[in-house]
Amino acid sequence: SQTIHQWPATLVQPVGSPLSLECTVEGTSNPNLYWYRQAAGRGLQLLFYSVGIGQISSEVPQNLSASRPQDRQFILSSKKLLLSDSGFYLCAWADSRIDQPQHFGDGTRLSIL
Amino acid sequence: KQEVTQIPAALSVPEGENLVLNCSFTDSAIYNLQWFRQDPGKGLTSLLLIQSSQREQTSGRLNASLDKSSGRSTLYIAASQPGDSATYLCAVRGFQKLVFGTGTRLLVSP
């Protein structure tokens, strides 16, 4: 069966520090991968998605970037964090076939001080 | 641009009640619709997936319907239990992406 791992579960970072969040998927090949952010009291906002290694689509201009160095690895990064980057970050995967559901990781709670 | 709305934003019911959560979307050109559950501080758990050609899907006490032409979906929960307390999110699938509603926060009291 497929599983998705996301870490760390919680992270407290100072303003201006770098960020790296990692997500890996097991049990499937060539998945579509997604990064979402959920700010307090707001819905899920799609940040990036990837349909293959090295292929990244950005949904909103921001202080963050994403990379997919391996088929089942998706990384969210920032060179300098802003206060507004605080939130709950969720990674998700889906089979490339359009009729399949998305599955989510447990999320990372990021607090910027 | 697709917009997804969920009503009500919050719902409180006593245990045992049957209840309906609503989801509406503005663009009927969707591939499917997915209902999720989110517990506080946790990720999303997929509950039901309805393809655009389907009218409903059932899983245990949950039944989801889809009326694509009118841009509506409902999630019916039968015989609610305190363990059903969570936020319920619907999301519609475009070509590559899901667009989420803001959710309905459900509290089922013993």
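Please refer to the structure higher up on the page.
Caption draft 1: View of the pairing of strand E4 (residues 32-38) of chain B. Residue and element names in this part refer to chain B. The element E4 is extensively covered by neighbouring structure, given that 7 of its 7 residues are classed as buried. Side chains of E4 alternate between two faces, with Asn-32, Gln-34, Phe-36 and Gln-38 and Leu-33, Trp-35 and Arg-37 buried alike. One ladder, built from 7 bridges, connects E4 with strand E5 (residues 44-51); its direction is antiparallel. From the neighbouring strand, Arg-37 faces E5, where its bridge partner is Thr-45. Note: E4 against strand E9 (residues 86-93), 7 bridges, orientation antiparallel. Counterpart to Gln-38 in the pairing with E9 is Thr-87.

Caption draft 2: Geometry of the pattern of salt bridges. Residue and element names in this part refer to chain B. Inspection of the entire model under this criterion finds 6 salt bridges over all chains. Close ionic contact of Arg-61 with Asp-84 constitutes a salt bridge, the shortest N to O distance being 2.8 Å. Within this pair, whereas Arg-61 is found in the loop between strand E6 (56-59) and strand E7 (62-67), its partner Asp-84 is found in the loop between strand E8 (72-77) and E9, the two being separated by 23 residues in sequence. Take Arg-61: its relative accessible area is 28%, and that puts it in the partly exposed class. Residue classification places Asp-84 among the buried positions, given a relative accessible area of 7%.

Caption draft 3: Region of the structure containing the sheet that holds strand E3 (residues 19-25) of chain B. Residue and element names in this part refer to chain B. Spatially, E1-E3-E8-E7-E6 is the arrangement adopted by the 5 strands of the open sheet, whose pairing is antiparallel. Both outer strands of the open sheet, strand E1 (4-7) and E6, are each paired with one neighbouring strand and no more. If you compare each strand with its neighbour and ignore which way they point, the axes differ by 15 degrees on average. Bridge count between E6 and E7: 4 bridges; the pairing is antiparallel. If you follow Ser-59 over to E7, its bridge partner there is Leu-62.

Caption draft 4: Spatial organisation of the state of the cysteines. Per the counting criterion, the structure on display carries 2 disulfides over all chains. Between A:Cys23 and A:Cys91 runs a disulfide, and the two sulfur atoms are separated by 2.0 Å. Across the disulfide from A:Cys23 to A:Cys91, rotation about the S-S bond amounts to roughly -75 degrees, and the bridge is consequently left-handed. In this pair, A:Cys23 is assigned in strand E3 (residues 19-26) and A:Cys91 in strand E9 (residues 87-94), connecting sequence segments 68 residues apart. There is no split in this pair, since A:Cys23 and A:Cys91 are both buried. Here B:Cys23 connects covalently by a disulfide to B:Cys90, the sulfurs 2.0 Å from one another. Looking down the S-S bond of the B:Cys23 and B:Cys90 bridge, the torsion is 75 degrees, so its handedness is right-handed. Linking B:Cys23 in strand E3 with B:Cys90 in strand E9, this pair joins segments that are 67 residues apart in sequence. Neither residue differs from the other here; B:Cys23 and B:Cys90 are each classed as buried.

Caption draft 5: Representation of the packing of aromatic side chains within the structure. Summed over the entire model, instances satisfying the criterion amount to 8 aromatic pairs over all chains. Their ring planes at 85 degrees and their centres at 5.4 Å tell us that A:Phe104 and B:Phe36 sit as a pair that is edge-to-face. Of this pair, A:Phe104 sits in strand E10 (residues 102-104) while B:Phe36 sits in strand E4, each in a different chain. Each member of the pair, A:Phe104 as well as B:Phe36, is classed as buried. Pairwise contacts between aromatic rings join A:Tyr34, A:Tyr36, A:Tyr49, A:Phe104, B:Phe36 and B:Phe100 into one cluster.

Caption draft 6: Highlighting the sheet that holds strand E8 (residues 73-78) of chain A. Residue and element names in this part refer to chain A. In spatial order, the strands read E1-E3-E8-E7; together these 4 strands make up an open sheet with antiparallel pairing. The open sheet is flanked by strand E1 (3-7) and strand E7 (65-70), the only strands paired with a single partner. Averaged over all pairs of adjacent strands, the angle between their axes in this sheet comes to 20 degrees, without regard to strand direction. Of the strand pairs in this sheet, E1 and E3 are connected by 5 bridges, and their pairing is antiparallel. Considered in E3, the bridge of Gln-6 is made with Cys-23.

Conventions adopted
- Residues numbered from 1 in each chain as written.
- Chains lettered and ligands numbered in written order.
- Predicted model: local features only at pLDDT ≥ 70, side-chain atom pairs only at ≥ 80, totals over all residues.
- Heavy atoms only, no water.
- Buried < 20%, exposed > 50% of the residue type's maximum accessible area, 1.4 Å probe, protein only.
- Helix = DSSP H or I, 4+ residues; strand = E, 2+ residues; numbered from the N terminus.
- Pairing = 2+ DSSP bridges.
- Salt bridge = Lys/Arg side-chain N within 4 Å of Asp/Glu carboxyl O.
- Axes fitted to C-alpha atoms, helices over the stretch in contact; angles between N-to-C directions.
- Disulfide = S-S within 2.5 Å.
- Phe/Tyr/Trp six-rings, centres within 6.5 Å; stacked < 30°, edge-to-face > 60°.

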